[in-house]
Each structure stands twice: as C-alpha cells, then as structure tokens.
Amino acid sequence: MTELLADFIHTLRYTGHRISTSEAVLAGEVLNLVGYDDKAILKAGLSQVLAKTCEEKESFYDIFDMFFSMEIMNDSMIEALPEEQKSLLDILEEDDRVALMRLMAQAASPLNFSSIRAFLSPQGFISDMMDGMGASALDMQIMSAVSEGRMADAERISKAKEGLGLKIASYVERQVRQFSENARELKREESLPFVRLTAIEEYQMATMRALVKKMAKRLVSLYARRKKVSRRGHLDVRMTIRRNIQYDGILFNTVWKRKKIDRPKVMVLCDVSRSVSEYAKFLLMFIYSVQEVLPKVRSFAFCDSLIEVTDCFNEYDFEKAMNEAMLAAKGKTSYGNSLEDFEKLAMADVDRKTTVIILGDARSNNDDPKEGILKQIHGRARRVIFLNPENKVSWGTGDSEMYKYLPYCHKASVCASLKDLEALVSDILRRS
Amino acid sequence: MKNSVDAIASIQKAFDEHGYICSLQIATAVFLSRHLDKPILIEGPPGVGKTELAKAASKIFDSELIRLQCYEGLDEAKALYEWKYGKQLLYTQVLREKLGDLMDGATGLKESIAKLHDFDDTFFSEDFLEPRPLLKALRSEKAVLLIDEVDKADDEFEAFLLELLSDYQISVPELGTIKAKSIPMVFLTSNNSREIGDALKRRCIHLYIPFPDANLERRIIKSRVPDVESRLREQLVDFVQRLRELELKKVPAVSETIDWARTIVLLNARELNPDIVKNTLNVLLKFQDDIVNNEGRVRTILDEVKRKYP
C-alpha cells in the first residue's frame, strides 16, 4: 500500500506539485485512517493534504483519476482474493478480467514504469510482462497441440495469446504515456529560460509568457513582504522624552518608531531597433508583471529619437502597447540623440531613489554618443544598469559605444535569456 | 477502514441535524482534522459558510467556540494575553498603607527591596492575567478555535501562529510554559486576499469550499428556510445558479440565497414573478452597478427559470 502511495507522490512531484516530506508522511497517515474502501473519500482526503491551492487541486484530481483507476483494483484484488491457481489459458478463454488484472499487476510490479524518461520502445516492457505472465507456457501448449494434430485447439490457443498481447500492449502504453508526457512537459519548462530570446519561435511565445508570469509571481511573493514594515510598536524613547520636556517629564505625547520602506522608482529605456526589439519586449513584459512591487515605472522607447511609452502600458493591454512602442523605431539608431531627448523629457525626475535601466546594444552608427548625459544620470540616480544582449566579446567592436558608456554604469551585464532578466529584476527589487 | 467511512457519514449526518448541510469533502476534512490533530485552513469566496462550519462544529462536538478575528496589526498582546495593568495600578494604590506595614523593620534601600521581592509574584499572578482568545483556547477543556480571516493578519502574526499551532504551548515569562489541556480543533479561514505563507499552509489540512451545486443548495435552503415550498425552492435555486454565471462585481453566495428566500417568504409570494424579482434583487446583488447593468439579463434568466419550472 505504501509503495503505491510513494509512486503516486512521485508522479505528483514530476508534474510540478511541490510536496514536502512532512506532507508525504501526513498522506501516509491519511491512507492508514481511510483506506481504499471509498474512492471518493480517499480522493478528498489526499487532496486536502497534498494540494494546497485551487490550481493544484484541479491538476491533482486529474492525476488521481488516471493513477488510481487501475492500480487500486490491482492491489486490493491481490490482497482480497484467495490464491486461485487458474491456468493462463483458462483465464483468457473465460475472459476472467479480475484474475487477468491480478496477473498483470503481479507481472508488472518488478518493472519500474516510473523510471521511464522518454518514450522508449515499449517492446522490452511488453516482452518482460508476457514472460512474467507465463506466455511461454502458452507457446508450449500450442506446439504440443500442433504435434498431436489438434489444429483447432492450436488455433484457439494462439488467438488467446494474441488477445493477451494486445491487452498487455495497451496497459504498458498507458503507463508509459502517463510518465513520459509529464517528463517532457517539465523538460520544456526547464530549458526555455536559458534560450537566447531571439531564438524563441512564435509557437513557444505562449509558454514563454506563462513562464514570465510564473517568475513574476515568485518575485512578487518574495519581495511583497517588504511593503508593510512601517510599524507602530516600538516607543522612540529619545524623541518622546524630548517632546515632553515641557510637561515636566511626564510622558504625555508618545512618539513611535516607524520604519519606512521606500519603493524604488524605475525608468526603463529600451532600444527598439530591429536587432534588439525582442529583448525589449521581454524586459517590458517582465517589468509590467511585477507592477505590484514596482509601481512607479516610467518606460521609454528609442531608436533615432526617444519617446515615453508609460501611458501606453497603463492604458492598453500588453500587445497593443508593445506595438505603439515599436512605432518609435524609425530611422537609424542614435544613442546620442536619444539621450538628449531623455535629458529634455525626464532628467529632472531622476533622483537618488531612481534606478535607470538601459537595454540596448550600444550600436550608434558612429554618431556622437553624448556620454556626458549618461554621466549626469549616473551622478543623480541611485543605480544605472546597462543591459546588452550581445556577448562581452562583441562589446566595443564596430560601432558599439559600450566602452564609452561603461564607466558611467553601476552595472553592465549581458542579458540574453529569460533567466538573465529574472536575475536583473530580482536584483533591482533586492537592492531597493 | 470501514469505521472511517462510517465515521465520516455520521459526521455528515450530525452536521445535517444541526442545520449545516455539508459535502463529503467537508466531512472528510473534519474527520481528518480530529484524528490527525491538524488545523483546517478553509478557503473560498465570501459567504459560502466558512465561519458557519466552525460554529456548527462547536455544537456537534460539544465544545466552546473561541473566535479570534484577525486584522492588520494584530499582535501577541491582543491575541494571546495581556496583563491587567489598570487593576495592578489600582491595587498598588489601595494597598499603599499595607505596603508601609510590610516595610516595617527594614532599614535602608537594599533591605526594603529584598522584602519587596518576596511579594512581586502577587502582582503577576493569574488574577492579573487577562487571557485573550488563544490562551483561552489552550486552557479550555474542549474548544473549537476559529481564527477568522487569517489573510488579513501580517507576517509576524503568521510566524507566531506557526509556533503555536505546531506545539500547542506558549510560554508566559512570569508564569512559565502553559501547555494545552486538550488539543483544540482549529479552523483558519481565508478570503485569499493574499497568499498565506507556505509554512502555515503545509501545517494545515486545506479545504476549499466552492459555491454549492444546485442539489446541495436546494438542501441548504430546505434546512435553513423550511417555509419555502418545493416549487418555489427549485425556482429560487435555479435562478441564483444562473445568476452566478454572469459577470458580476460580487457573485451572490449561499448567505445571499438564504436571505433572499427568507425575504420572499416574508412577502408571501408563492412563486417567482418579475415584480418580486425586481423588488428583491438588491438582496442578491449588493452592488448597484450589478443591478443596473444586468436588468435585461435578469429578465432572460427569469424567463428560462419559469420555462424549466412552470
């Protein structure tokens, strides 16, 4: 019984449910209390201990149904029924499903379906199971029937054997599919965050968006707690005494200690020229998903000139806003021009609480880079972060002005995949 | 194993008798909580009967219901215990003369203080302890502890709860460790306004109470508002079930259905008609916007209901 539960929990973990050891132990206790008698009660009980959100419960019910439809019948049959020694042939001919199930389960238990990682050829499993069930005895019976001339008998027996083969094949396929599908899904989710953003295909966009959402949710829950730290509870003794000197030392007016958290102001400047626009899209997607913990974001898009796109993102949904932002992409990229525009638009707003993020490849078509403006920003802002999708070897080559900008950045890093973006956003949130 | 199935069925029956119609899920959760000594975390939309469940449970298991309503800024002092400062001050004032007697014979500061030390325990004894819900729950013989809207409390309180719910004991510095006489049955409710911390979730049995299906809702109305005739009951429930599918600011929950049924009975109506519905819609829909924006759809729903249950 416990092996079955262990397998079930293993399957659940495989499909992304986070189940701790203590919960697994609790599930075991539930199983001991409730048993297999009533499937509905077992389903309810296990779901209350193993699935702790609504989405988890939905997926739990699906997996439970898939897993326990055959297994319960097998195991409880093995325990409950007496050991009848029917021959395999009799079972097949009488179509005794219960006994057949029992035999299949017995043959399947030494095989480990959960160790399948990809849909390998199931033939190996099928032949192992056939042997385990005694199919070789059937062969002998066929041969003896043929040698004795009982052709009708031989026909009958080989038909039964074929039927057995089909049943086993479907059983194995079901088990394998259950495990391999989940494995593939997880693998996809594991590898996507590391893929270079320009290499993402259209059909993967939905998965990517879901991933961004997931990461954002995790970041929000990690950093949301810092919001409510302003406390009333510790008496600020010094201030209290000072304030009450006029009352001869009697503490009439109390002063409390308050811890204020200042939320960071973020300004994002995105290069939307063709070469970099993919990255800009994902960065903005990320920044706007964590709006709960980063409420004051101003975003700008630039190519040969700079425009502010904050309102677009506030009013329209993401797709439309992105399209609007891309409109800034006309003409040849000029970082100098764009920085000038930024100076006119928003320099006044840059203060020591602001974090400025610039996303671009710093390729300016040999224009005047105007790094003096970046120097000014560096002096006024809390942090300046430069994200460059190119590898570090390419920095400074050709028309890349990276090395002119580098001294005026607090941090300059390569940003090519979703993982990098996550690290960046996490960094901003942590340092504020 | 057989006994557990029977036990769960008998729990369901006991709830029924006390006026709380519960599903198999709920009965299983209650059963598990009692036998495994784990608290139940109940989540679900407002108005589905989370608090009612705790109240009914206290009646069934013959325990006193101790309720702690959580809010932002709730801390140990208000939840666990507090000293009766006023009483302590008052007593010291009143006994000032007595204090003089006690100090008799003591010369100098040191001796006086030593004498005082013998009595410091009096002012920090049980008499001056004001127990708050959590301490009351620990000291009670049989209790059902309801911690309502735990998602409104902040993280410090959650951490404090964790400690309490794992060992069921607390230490008061002046009185020592107080262990629970018998482990209370704990219900935590949450409206999901924020994510409850993982650690607390892992400790609990998680029960989700959704909006009921038509069958369950009919049984609830029958139990709570017995004066409603069966035809009217069917119409009522069907109407509300269809109403829930609309896009509303606040979807009507079971408590609204019960109130509506009572209203209709009060108005002596035998069946639903457009007038009655129009006049009493504000019992179901609590936002004026919802009523105004859905007038047409409400009429359509009423027609469909009348067609199904003429």
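Summarised in this report is the structure supplied together with it. (Residues numbered from 1 in each chain as written. Chains lettered and ligands numbered in written order. Predicted model: local features only at pLDDT ≥ 70, side-chain atom pairs only at ≥ 80, totals over all residues. Heavy atoms only, no water.)

You can see Lys201 of chain B is positioned in helix 10 (residues 198-203). By relative accessible area, which is 4% here, Lys201 of chain B ends up buried. (Helix = DSSP H or I, 4+ residues; strand = E, 2+ residues; numbered from the N terminus. Buried < 20%, exposed > 50% of the residue type's maximum accessible area, 1.4 Å probe, protein only.)

The next point concerns the nonpolar core. Soluble globular proteins: nonpolar side chains tend toward being buried together. Judged by nonpolar contacts, the single largest core of 52 residues is most densely connected at Phe8, Leu46 and Leu50 of chain A together with Phe15, Leu53 and Phe187 of chain B. Counting residues per element, this core draws most heavily on helix 2 (residues 24-36) of chain B, at 7 residues. Contacts of Leu53 of chain B, omitting those with residues within four sequence positions, involve Phe15, Tyr20, Ile26, Ile42, Phe187, Leu207 and Ile209 of chain B. In this structure, Cys270, Val276, Val297 and Leu387 of chain A belong to the second largest nonpolar core, which totals 47 residues. (Core = buried A, V, L, I, M, F, W, Y, C linked by side-chain atoms within 4.5 Å. Contact = heavy atoms within 4.5 Å.)

The subject of this paragraph is the pattern of salt bridges. Overall, the coordinates contain 35 salt bridges over all chains when judged by the stated rule. A salt bridge links Lys411 of chain A to Asp427 of chain A, with the nearest nitrogen and oxygen atoms 3.7 Å apart. Residue Lys411 of chain A is located in strand 6 (residues 411-414), and its partner Asp427 of chain A is located in helix 18 (residues 418-431); the two are separated by 16 residues in the primary sequence. The closest approach of N and O atoms between Asp75 of chain B and Lys78 of chain B, which form a salt bridge, is 3.8 Å. The class for Asp75 of chain B is partly exposed, based on a relative accessible area of 35%. For Lys78 of chain B, a relative accessible area of 40% translates into the label partly exposed. Beyond isolated ion pairs, a larger network of salt bridges with shared partners links Glu23 and Lys52 of chain A together with Arg202 of chain B. (Salt bridge = Lys/Arg side-chain N within 4 Å of Asp/Glu carboxyl O.)

Quick look at a nonpolar patch on the surface now. All names here are of chain A. Taken together, Leu235, Val237, Ile241, Ile245, Leu251 and Trp256 make up a surface patch of nonpolar side chains, about 560 Å² in accessible area. Summarising the element assignment, Ile245 is placed in the loop between helix 11 (237-243) and strand 1 (265-271). Ile245 sits in the exposed class, given a relative accessible area of 59%. (Patch = residues over 30% accessible without salt bridge, like charges linked within 9 Å, V, L, I, M, F, W, Y side chains within 5 Å. Areas by Shrake-Rupley, 256 points an atom, 1.4 Å probe, with all protein chains shown as cover.)

Here the focus is the environment of Leu281 of chain B. All names here are of chain B. Relative to the helices and strands, Leu281 resides in helix 14 (residues 274-284). Look at Leu281 and you get buried, because its relative accessible area is 5%. When the C-alpha positions of Leu281 and Val298 are compared, they lie 9.3 Å apart, and in sequence the two are 17 residues distant. Discounting residues that sit within four places of it in the chain, Leu281 has contacts with Ile291 and Val298.

Let's shift gears to the interface of chain A and chain B. If you look at the interface, chain A gives 28 residues, while chain B gives 27 residues. For the pair chain A and chain B, the two sides together bury roughly 2400 Å², of which 61% comes from carbon and sulfur. Broken down residue by residue, the surface that chain A buries against chain B is led by Leu33, Gln48 and Lys52 of chain A, which jointly contribute 28%. For the interface between chain A and chain B, the tally reads 2 salt bridges. As a salt-bridge pair, Asp198 of chain B and Arg18 of chain A come within 2.9 Å of each other at their nearest N and O atoms. The tally of links from chain A across to chain B stands at 11 residue pairs in polar contact (both at pLDDT 80 or more). Where the side of chain A that touches chain B is concerned, the elements lending two or more residues are helix 2 (21-34), helix 3 (39-50) and helix 4 (54-80) of chain A. In terms of residues, the side of chain A that touches chain B owes the most to one element, helix 2 of chain A, which gives 8 residues. Here the residues of the side of chain A that touches chain B are counted per class, giving 11 nonpolar, 7 polar and 10 charged. (Buried area = accessible area lost by both parts, 1.4 Å probe. Polar contact = N/O pair within 3.5 Å; in protein donor to acceptor, adjacent residues only side chain to side chain. Nonpolar A, V, L, I, M, F, W, Y, C, P; charged D, E, K, R; others polar.)

Any link to function would need more than the numbers given here.
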